[in-house]
Amino acid sequence: MATKALNFLGRYTILSLRKQLRSSMGMGVSFRGLCTRSGEELELKDFMEYMDSLKNYEKLGVPKGAGTDSDDGFDLGRMRTLMELLDNPQSRFKAIHIAGTKGKGSTAAFISNILRAEGPHILTIRERMTLGRFGEPVSAKTLNSLFHRIKEIIDRGRKLENGRISHFEVLTATAFKLFAEENVDIAVIEAGLGGARDATNVICSTGLAASVITTIGEEHLAALGGSLESIAVAKSGIIKSGCPVVLGGPFLPHIEKILRDKASLMSSPVVSASDCGQRSKINGISFVDSRPCQSCDIVIQAERDLNMSFELLDFKLFMLGSHQLQNAVTATCTAVCLRDLGWKISDGSIRTGLENMCLLGRSQFLTSKEAEALGLSNAMMMLDGAHTKESAKALVDTIQMTFPGVHLALVVAMASDKDHLGFAREFLSGAQIEAVFLTEASIAGSKSRTTSASFLKDSWIQASEELGIATLPEKIAEPQELLKDQVDGCARLLENKTFLAAEASLLSSIKFANQILRVRMGNELGIIVVTGSLHIVSSVLATLHC
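Parameters and conventions
Once a new chain begins, its residue numbering starts again from 1 and follows that chain's sequence as written. Local features are withheld for residues below a pLDDT of 70 in this predicted model, meaning they are given only at 70 or higher, and side-chain atom pairs are given and counted only at 80 or more; totals for whole chains, interfaces and linings count all residues. Based on all heavy atoms of the structure, the side-chain values leave hydrogens and waters out of the count. UniProt positions are given in the numbering used here, feature names are shortened, and annotations may be inferred rather than shown by experiment. Salt-bridge detection follows one rule: a side-chain nitrogen of Lys or Arg within 4 Å of a carboxyl oxygen of Asp or Glu. Put simply, DSSP H or I for four residues or longer makes a helix, DSSP E for two residues or longer makes a strand, and each gets a number counted from the N terminus. Buried residues are those whose accessible area, probed at 1.4 Å on protein chains only, stays under 20% of the maximum for their type, while exposed residues exceed 50% and partly exposed ones sit between those limits. For the purposes of this section, nonpolar cores are sets of buried Ala, Val, Leu, Ile, Met, Phe, Trp, Tyr and Cys residues that join through side-chain atoms within 4.5 Å. Contacts are residue-level and defined by heavy atoms, with any inter-residue pair within 4.5 Å sufficient. For every element, the axis is a line fit to its C-alpha atoms; helices are fit only across the contacting stretch, and the angle between N-to-C directions ranges from 0 to 180 degrees. Convention used here: angles under 35 degrees read as roughly parallel, angles over 145 as roughly antiparallel, angles from 65 to 115 as roughly perpendicular, and any remaining angle as oblique. In this scheme the handedness of a crossing depends on how the near helix is turned from the far one: anticlockwise by less than a right angle means left-handed, clockwise means right-handed.

- If you look the chain up in an unreviewed UniProt entry, it shows as Folylpolyglutamate synthetase from Parasponia andersonii.
- Note on the chain: under the UniProt heading Sequence similarities (unreviewed entry), the record states "Belongs to the folylpolyglutamate synthase family."

Here it is, written out as C-alpha cells:
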C-alpha cells in the first residue's frame, strides 16, 4: 500500500460533495445566463441542462425524515441500481468518508491537502470533482466526455427507478465513475446529508480507508429525525465493519456514546480528535503577505483503541479560528491513522498540507484589487459562509481574536430553513456591529428557499430588542437618502445605534455597508463581513470572476 501510494502520489484525489457550496453559476442552475471564466464551460451545456432537469432537493428543500435510516429515508436502492449499471465504480478505489454537521468541508480539504503534499463548488460544477497533486477541477472536456458515455446508462437507471433518481445521486455516480476511470488511489468523500441514507454511502467496508465524523449539531433537524440523538444515529451510518473511525468533536457525552457504540458494534477502532490526549492550541496571530494567520501546535497521543502519537509545533494556519484548528486536528488524526495503516504520509506532508490550506468562503479576506472590483476602495472585506448560530459564534470569536475590538458592517442573506433569530443573536451579542444589511441570494439558481430581506430584518429587530440593543431600522430606500444628505444624514448615522436595513440588491448592500462604516469609523479599522450562507459568498465570488 505504501509503495502504491507513493508511486501514484500525483493521483491522490478529493471528491467534495457539498450541499453548502453553490454558485449562481453552479449545480442545478440553468445554463442560460451563466457568467463563465472561459469558453471551456460551454462544453458542459448538455450536462448542465441534464442535471437541471433532475429533482434537486437543494432547491426544493429536504423532506422530513429523508436522512434517517427509516421508511421515510432516501432509498439507497436507487443509488445501488445506478452503481450496478455503471459496474460498481466505487469498489475500484479506497475512500475516506466524512460526515458531520459542521466542519466537513474544511476537514475534507485539510485531508486532501495533506495527501496531495506527499478540494466546493463555488464557481463551477467541475470544482466538485478534483483530481491530482494540485487538486484541479476535472476538465470540462473530461467531464463532458464521461457524461455522454454514461448518459444512456443513467437514463436506463432512471427508467428502472421510475424517474426518482435525483440530482445528487447522478452527480455522485458520475464522480465515482470518473475516479474509477482515473485509477485514483484514494478519494476523500464528503456526505451530503446525514450519512446512513446519503447517496455517497454505497461504499462498502472493503473500499473504506477510514470514516470521519466531525461534529453533531441541530442543522437539518427535521430531515434527520428531530433530535441530536437521531442525527448522531444517521451520521454513524457511515461507520463500516472493521474500518477505523475518527471522531472530531467535542461531542456531548451521550452523543459520543452513540457514535462509539456503533463503532463497537462494527468492531471499528476509534480515534478521537478531542480526547484529553490530543492537545492543540493557538499561540498567536501574525500576518504573512498581509494575510492573517494563526501559529498553532498539535500534539496527538492516542492509546484507547489505536496506539499512535504525533507532534507538530509552531505551524501557520491560514484557516482562522479555534474551530478550524479543531478541523485541522481531526484531519491530522486521520492522516496519522492512515499512515499507521501503511499509507506513505510524512510529518512534512502534514505540515505542508495544513499550512498551504485555504478555502473559499471560510474567513476569506478579499485582496484590495478584489475589493476595488466591487466598487470599494481601501476597504477590508471578509467572506464567510456561516449559516448556523454555532458557526456565527465561531466567526465572531475568530474576528475578535484576529482584530480585537474591531467594528463590523454585516451583509447577510440566508436560506429559509435556517435559525435566523439565533444567528442574529450571536452577532449582536458578541461583536461591535455598526450596520446590518439584510439582502437576498438565490439557492441553486432558485428563489424558493431564499429568505426575503424584509423577513430577515424582522428577525434582527427582534434579536436586538431581546438583547436591549438600540437600532435604526430604516426603510429600504432610506440608506441612500441618508448618505446623500451630508448634514442630517451623517448626524443620524453617527447616532450610537446599530443601523438595520433590508436591501434586495447584494452589491448595493455591500456599497451601503462600506459607506456607513466609513462615516461612522473614519480612519479607524472596520470590516465588511458578507455572511449567512455559502450562496451569498458564491454570488460575490461569481461577480468577481465575471
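Moving on from the model shown.
1. Some points on the pattern of salt bridges
Once the charged atoms of two side chains with opposite charge are near each other, the side chains can pair.
Now for step 1: In the structure shown here, the tally under the stated rule is 15 salt bridges.
Now for step 2: Of the charged contacts in the structure, one is a salt bridge between Lys45 and Glu49, with a shortest N-O distance of 3.0 Å. One end of the pair, Lys45, and the other, Glu49, are both in helix α2 (residues 45-52), four residues apart, so they sit about a helical turn from each other.
Now for step 3: Here Arg78 makes a salt bridge to Glu169, at a shortest N to O gap of 3.0 Å. For the pair Arg78 and Glu169, one class covers both residues: buried.

2. Quick look at helix α8 (residues 228-235)
Now for step 1: The buried count for α8 comes to six of eight residues, which makes it a mostly enclosed element.
Now for step 2: Taken together, the buried positions of α8 are occupied by Leu228, Ser230, Ile231, Ala232, Ala234 and Lys235.

3. Brief notes about the nonpolar core
Now for step 1: The biggest cluster of nonpolar side chains holds 40 residues, and the ones touching the most others in it are Ile96, Leu317, Ile350 and Leu354.
Now for step 2: Looking at this core, the elements that each hand over two or more residues are β2 (94-99), α5 (104-117), β5 (186-190), β6 (208-213), β10 (291-302), β11 (308-317), α10 (322-340) and α11 (347-355).
Now for step 3: For this core, the leading source of residues is α10, giving nine residues.
Now for step 4: Beyond its immediate stretch of four places on either side in the chain, Leu354 contacts Phe110, Ile114, Ile298, Leu312, Phe315, Lys316, Leu317, Ala328 and Thr332.
Now for step 5: Grouped together as the second largest cluster of nonpolar side chains are 37 residues, Phe176, Leu178, Val202 and Leu208 included.

4. Considerations on the packing of α5 against α11
Now for step 1: Orientation of α5 relative to α11, taken along the N-to-C sense of each, is 130°, at an axis distance of 7 Å. Overall, the two elements α5 and α11 adopt an arrangement that is oblique. Along this stretch, α5 crosses α11, giving a crossing that reads as right-handed. Counted together, Phe110, Asn113, Ile114 and Ala117 of α5 and Ser349, Ile350, Thr352, Gly353 and Leu354 of α11 form the full contact between these two elements.

5. Focus: the environment of Leu376
Now for step 1: As for its placement among the helices and strands, Leu376 is situated in the loop between α12 (368-373) and β13 (380-383).
Now for step 2: Considered as a pair, Leu376 and Asn514 are 138 residues apart in the sequence and their alpha carbons are 7.3 Å apart.
Now for step 3: Discounting chain neighbours no more than four positions away, the residues touching Leu376 are Ala371, Met381, Ile510, Lys511, Asn514 and Ile528.

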